[in-house]
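Fold and contact review
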Amino acid sequence: MATGQSLTFGALLRRHRRAAGLTQEELAERARLSVETISGLERGLSRSPHRESIALLADGLGLTPDERKLFDATARRRDDEPAMDSRVPPIIDRTHESGLIDFLLVGKGPPVLLIAGEPGIGKTRLLREAAIRGSASGWAVLQGGCARRGGQAPYAGILEALRLRIASRGPAQVHSDLRRCEWLVRLLPELADAGLAAIPTTAASPEEDRRQVFGAVSRFLTNTAGPAGTLLVLDDLQWAGVDALDLIMAILLSPTATSVRIVGAYRNTELHPTIPLATTLGDLARAGLATQVTVGPLTLEDSRLLLQALLWDNDAAALDLREEVIKRANGVPFFLASYAQGLHDGMGSAPESDNVPWDVAETIRQRIAVLPAAAADVLSAAAAADRTVTRSILMSIVSGPDRTNDRILEALDAACHDRLLESVGFDGYRFTHNVIRDVIWHDLGSATRAALHQQVGEALERESRETAPEVLAYHFGRGGDHAKEILYLERAGDKARTLFANGAAEAFYRELMERLDQFSRPADAARAREKLADILRITARYDEALEVLDRAAQLYRRAGAPSLGYWHVMAQWGRVHARRGTPESGIERIQALLNASHAEEPSAGLAALEITLAELYYVSGHYSEQLTAAERGATFARALHDDRLITQANQWRSTAMLFLGQSDEAIPILKEVMFQSEEIGDLSYHLYALNHVALAYIQRGEFSNSDRYIQRGLETATLRGDAVQMALMTYYRGVLNVYIGDWKVARGAFEHAVALVRQVATAWTSAYPLLGLGHLCLLEGQWDAAGRFLQEAITVADRSGNLQALRNALAPLIERDLLEGRPKVARGRLDRLLDRQNAQEDEGVAQALALLAWTQLEQDELDRAAESASRGEARARADHNQIALVEVLRVRAMLAMRHHHWDEGTALLAEALTHSRNMPNPYQEARVLYLAGVLAFQSAHPEVARPHLEQAVQILTRLGERLYLDHVEQALARLSS
């Protein structure tokens, strides 16, 4: 049982000695020191032992390197370090939790320690202990916490920790801390106002902003680190937003994460599946990044020890009164500490209350009652403010004829002395425990609360133009100033959206909608719904987005607003249908709107509708119609000189060209779209362009180029919180690694992509990760798993009308059918594809034609097979599709072999081998080598066949392939027989 207020060297020495089962005499003998020295050190009579003594003691105790590190740091703690306030409750019976803190500080285990428990159980006290021990062990300690009430800024908690750290440092230290952290200004604009950092001049897209900001936070934590690193101490994580938790994950996954440790606390009584922390806890657990400990109540004996330590005046309470206090506290340290403070302040009896476990509220009220008269007003103002409130705000609210500055300062000092408030930084204050604030706030009447909120909002508005809009919206809303609340709610949503804090943005936009509906402002309410729908679309909540947009359209019609707003809503409605995989519903309604418009003059609304129609045609596989609609949209956009609409139209125009076999013309336009969309901050179209450029380079066999665009797309989608696009780009990474021969990485990518699509609603692209994993399972011989994943992919692709995904899911099954002598089954699968409208336009038609030609060959339809192969080759060469070209050349070689045209077959396979090696694509190379071996064997050249087949075996074995390997080994066996 540890009863010290912080870890002293004497306590640590005694702990290690007892753990080793040694007496003082035995340790003295082992360490070659006197018993008096050991006794004096353990009793704290010698705070600074010699370095040699420390080493001897560590040797005698048999400490590990990590234990030595903490042992040495604690022993050499400076004498001039400030002692902990004697009124802070000591640590009682928290040996296990204290040990976990020590492990964290010496680098044992995961980098995050999470402390869970009910309110008042001692979580915050343990955080304080972690800060004390961290500081003593050479860690730079940054502390922050989250607020329960609304108006919480994105990234709350972490920003408080950063601000407090900066405020505690001298100018020279701050400049050093901010080295290469200029993007931190995006989160802390006051740095620019104070001349501490310059605003970045480099133009960047919003997702690049977020990446730079996250990187700047990580670099700041590294720059400001102590000798051991940086310890981030965060309280009340149960109230943290998604954005703050995303930033924590980014910090942990950054290259500098090895120098950062995090200890956080949360109320497990408020943990339920709907709060963001619940998801993050699961992510941390799966990644092995966190240790979690639940703090329980004290035993009866330990409660007595704590109360005795708190009652420094032994006559403060009679024994029977102490026992009553202990009984009511039920082992909750905060209740014990609060009542002990009340006894010292003159409360002579236990409160009468039936509340369980006891009426701590009455204790707090009595503590306030003995303070100066102004203290109650100061505490009420603090309760209305944010988690931390400045002295100037409090003085602005409380000031009046009988509230002079001196009296206010006196009240502040008294509240701090009584441990109701504590000072933070240069001029900040916060409650020492949330329970105190809750009690004070509960006792205020509704009119008083509203007046205080209004006063806080006005004071914050006057104090700084950089005051967070979400804070102002919160205070003005609860103060009854709804005009200002609406103004700041929209600004708060826009700010959160810019920072990709999607959860916070959604909450602000929903609150904004409610207020606008309440005050009958239909056009503004429709605009707010457009913004909300964009967040819902990004987070794959398509049905909700459609419902919100339908309501927005109704509001525009009710408001009698110009058709432009209505058309923009309907364009967004169509985009949701495209992403959802229900393009036909969108095409019908958008086309009807365009037909009914009869507009002779170009307008932004008409351009947006045409562009959306092009996207819907793309999803449905109608590429010629897509090109036509995109060109009409581009014509309108150019007439309007609207760069955003021009960029969007060019995206779908170039994509149509790509899928119609014009990749040379399409790729430069896509790259221009990629650049322009980033410049104007249109991240959806930036991702679309990255997606299609990456796909084009994969098909062309330019894998290094493709990898660059996949990486950029993955970073953008991740920072944006777009799980659907994250899954698609991760799928592309898997495809790329299948081709280059790193199947272990490919499996990890496919499995991660499948996990992502299962977390959100089914989208048009949801089939791709499933088919990628199913195809890899098939190649590796996991037949049952392959069948399950591929069938699921086929079902999803059929439901959404995704011809591309359907073809990719059926292709491996068709190939297996052909290898195993089932051409009729293969033909049945092919007919599902080739009977589809516009199948000949798809970028994948060359590979489909190769499979068709192979099937026809196996059914002895040699003339048709030759025709299909020729068409496939022409298309593959026109598209510069190296993947498809190798497949077509293989099938043409099979046809040559059937006709015993050995020289022609050899030449075709030589070309295929060159293409597969140039990419490089070892799997295709092995399949070409297999066929070349078979050709050589059939043409009576076994000396040529053997090396081809042996090379194929080597490649397939290295890959872990099972689909072809048995066939190749059988061919080798026949060669040897």
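In this text, all values refer to a predicted model and were calculated from it rather than measured experimentally.

Criteria and thresholds
- Residues numbered from 1 in each chain as written.
- Predicted model: local features only at pLDDT ≥ 70, side-chain atom pairs only at ≥ 80, totals over all residues.
- Heavy atoms only, no water.
- Helix = DSSP H or I, 4+ residues; strand = E, 2+ residues; numbered from the N terminus.
- Buried < 20%, exposed > 50% of the residue type's maximum accessible area, 1.4 Å probe, protein only.
- Contact = heavy atoms within 4.5 Å.
- Areas by Shrake-Rupley, 256 points an atom, 1.4 Å probe, with all protein chains shown as cover.
- Pairing = 2+ DSSP bridges.
- Axes fitted to C-alpha atoms, helices over the stretch in contact; angles between N-to-C directions.
- Parallel < 35°, antiparallel > 145°, perpendicular 65-115°, else oblique.
- Left-handed = near helix turned anticlockwise from the far one by under 90°.
- Nonpolar A, V, L, I, M, F, W, Y, C, P; charged D, E, K, R; others polar.
- Phe/Tyr/Trp six-rings, centres within 6.5 Å; stacked < 30°, edge-to-face > 60°.
- Lys NZ or Arg CZ within 6 Å of the ring centre and 35° of its normal.
- Core = buried A, V, L, I, M, F, W, Y, C linked by side-chain atoms within 4.5 Å.
- Expected span 1.5 Å × (residues − 1).
- pLDDT = per-residue confidence, 0-100.
- Salt bridge = Lys/Arg side-chain N within 4 Å of Asp/Glu carboxyl O.
- Right-handed = clockwise from strand over helix to strand, strands pointing away.

This next bit is on the overall build of the protein. A count of helices and strands for the protein gives 48 helices and eight strands. Evaluated residue by residue, the protein yields a buried proportion of 58% over its 977 residues. Long-range pairs, those at least 24 residues apart, make up 68% of the contacts in the protein between residues at least 6 apart in sequence. Working note: accessible area of the protein is about 39300 Å², and carbon and sulfur atoms make up 50% of it.

Time to look at unusual backbone geometry. Omega for the peptide link from Met-919 to Pro-920 comes to -5 degrees, which places this bond in the cis form. If you check the backbone angles, Asp-860 has positive phi at about 65 degrees while not being a glycine. Looking at the secondary structure, you find Asp-860 in the loop between α42 (845–858) and α43 (862–879).

Taken in spatial order, the five strands line up as β2-β3-β4-β1-β5 in an open sheet, and their pairing is parallel. Two strands lie at the open edges of the sheet, namely β2 (139–145) and β5 (290–294), each paired on one side alone. Sheet twist, expressed as the mean angle between neighbouring strand axes with direction ignored, is 15 degrees. Of the strand pairs in this sheet, strand β1 (residues 112–117) and strand β4 (residues 260–267) are connected by six bridges, and their pairing is parallel. Across the sheet, residue Ile-115 finds its bridge partner in β4, namely Ala-265. Across the face of the sheet, helix α7 (residues 123–136) comes into contact with β1, β2, β3 (229–235) and β4 while running at roughly 165 degrees to β4.

Another point: the packing of helix α34 (residues 683–699) against helix α35 (residues 703–720). One can describe the packing of α34 onto α35 by two numbers: an axis separation of 8 Å at closest approach and a directional angle of 155 degrees. Taken together, the axes of α34 and α35 are roughly antiparallel relative to one another. Viewed along their axes, α34 and α35 form a crossing whose handedness is left-handed. Across from Leu-683, Ser-684, His-686, Leu-687, Leu-690, Val-693, Ala-694, Tyr-697 and Ile-698 in α34, the residues of α35 making contact are Phe-703, Asn-705, Ser-706, Tyr-709, Ile-710, Arg-712, Gly-713, Thr-716, Ala-717 and Arg-720. Considering only residue class, the contact of α34 with α35 consists of eleven nonpolar, six polar and two charged.

Now for the packing of aromatic side chains. Centre distance and the angle of the planes are the two values used to describe a pair of aromatic rings. In this structure the tally under the stated criterion is 19 aromatic pairs. Aromatic pair Trp-743 and Tyr-923: ring centres 5.6 Å apart, planes at 70 degrees, arrangement edge-to-face. Of the two residues, Trp-743 is situated in helix α37 (residues 743–758) and Tyr-923 in helix α46 (residues 922–938); the sequence distance between them amounts to 180 residues. On the basis of relative accessible area, Trp-743 is assigned to the buried category, the value being 3%. Aromatic ring contacts, followed pair by pair, group Tyr-618, Tyr-623, Trp-652, Phe-659, Tyr-685, Tyr-688, Tyr-731, Tyr-732, Phe-750, Trp-764 and Tyr-768 into a single cluster. When the ring centre of Phe-103 is taken as origin, the NZ or CZ atom of Lys-108, which lies over that ring, is 4.7 Å away. The ring of Trp-854 has Arg-890 lying over it, and the distance from NZ or CZ to the ring centre is 5.6 Å.

Okay, the nonpolar core next. Membership of the largest hydrophobic core comes to 261 residues, with the highest contact counts inside it found for Ile-115, Val-263, Leu-336, Leu-379 and Leu-421. The leading source of residues in this core is helix α30 (residues 604–620), at twelve residues. Formed by 46 residues, the second largest nonpolar core is a distinct cluster that contains Leu-188, Phe-214, Ala-216 and Leu-252.

A few words now on α46. Between its first and last C-alpha, α46 extends 24 Å over 17 residues, near the 24 Å set by a 1.5 Å rise per residue. Across the 17 residues that make up α46, a large majority, 15, are buried. Of the residues one or two after α46, Ala-940 is the one with positive phi, at around 70 degrees.

Strand order across the open sheet formed by three strands is β6-β8-β7, with antiparallel pairing between neighbours. Strands with a single pairing partner mark the edges of an open sheet, and in this sheet they are β6 (389–390) and β7 (421–424). Across four bridges, the pairing between β7 and strand β8 (residues 428–431) is antiparallel. The residue bridging Glu-422 from the neighbouring strand is Arg-430, located in β8.

This part covers the confidence of the model for the protein. Confidence in the prediction for the protein averages 84 pLDDT; 88% of positions are at 70 or higher. Long-range and interchain partners of residues 348–358, a stretch whose pLDDT sits below 50, account for 25 contacts in this model, where long-range means more than four residues apart.

Moving on: the pattern of salt bridges. Summed over the entire model, instances satisfying the criterion amount to 54 salt bridges. What you see here is one network of salt bridges that share partners, running through Glu-490, Asp-494, Arg-521, Asp-524, Arg-527 and Lys-531.

Before going further, it helps to spend a moment on the pairing of β3. Of all the seven residues making up β3, seven are buried; the element is thus mostly covered by neighbouring parts of the structure. Of the pairings in the sheet, the one linking β2 to β3 comprises seven bridges and is parallel in character. Each residue of the ladder has a partner; that of Trp-139, found in β3, is Gly-229. Here β3 pairs with β4 via five bridges, running parallel. Looking at the pairing, Leu-234 lines up with Gly-264 of β4. Remark: the β3/helix α12 (residues 242–253)/β4 crossover connection has right-handed handedness.

Tracing the backbone shows Asn-223 in helix α11 (residues 206–223). Every residue in contact with Asn-223, bar those within four places of it in the chain, is listed here: Ser-176, Asp-177, Leu-178, Arg-179 and Cys-181.

Bringing the packing of helix α23 (residues 469–479) against helix α24 (residues 482–498) into the picture now. Two packed helices can be described by the angle between their axes and the distance between those axes. As a packed pair, α23 and α24 sit with axes 8 Å apart at the nearest point and diverge in direction by 155 degrees. When the interaxial angle is binned, α23 and α24 end up roughly antiparallel. Helix-helix and strand crossings are classified by hand; for α23 and α24 the assignment is left-handed. Mapping the contact onto sequence places Pro-469, Glu-470, Leu-472, Ala-473, Phe-476 and Gly-477 in α23 and His-482, Lys-484, Glu-485, Tyr-488, Leu-489, Arg-491, Ala-492 and Lys-495 in α24.

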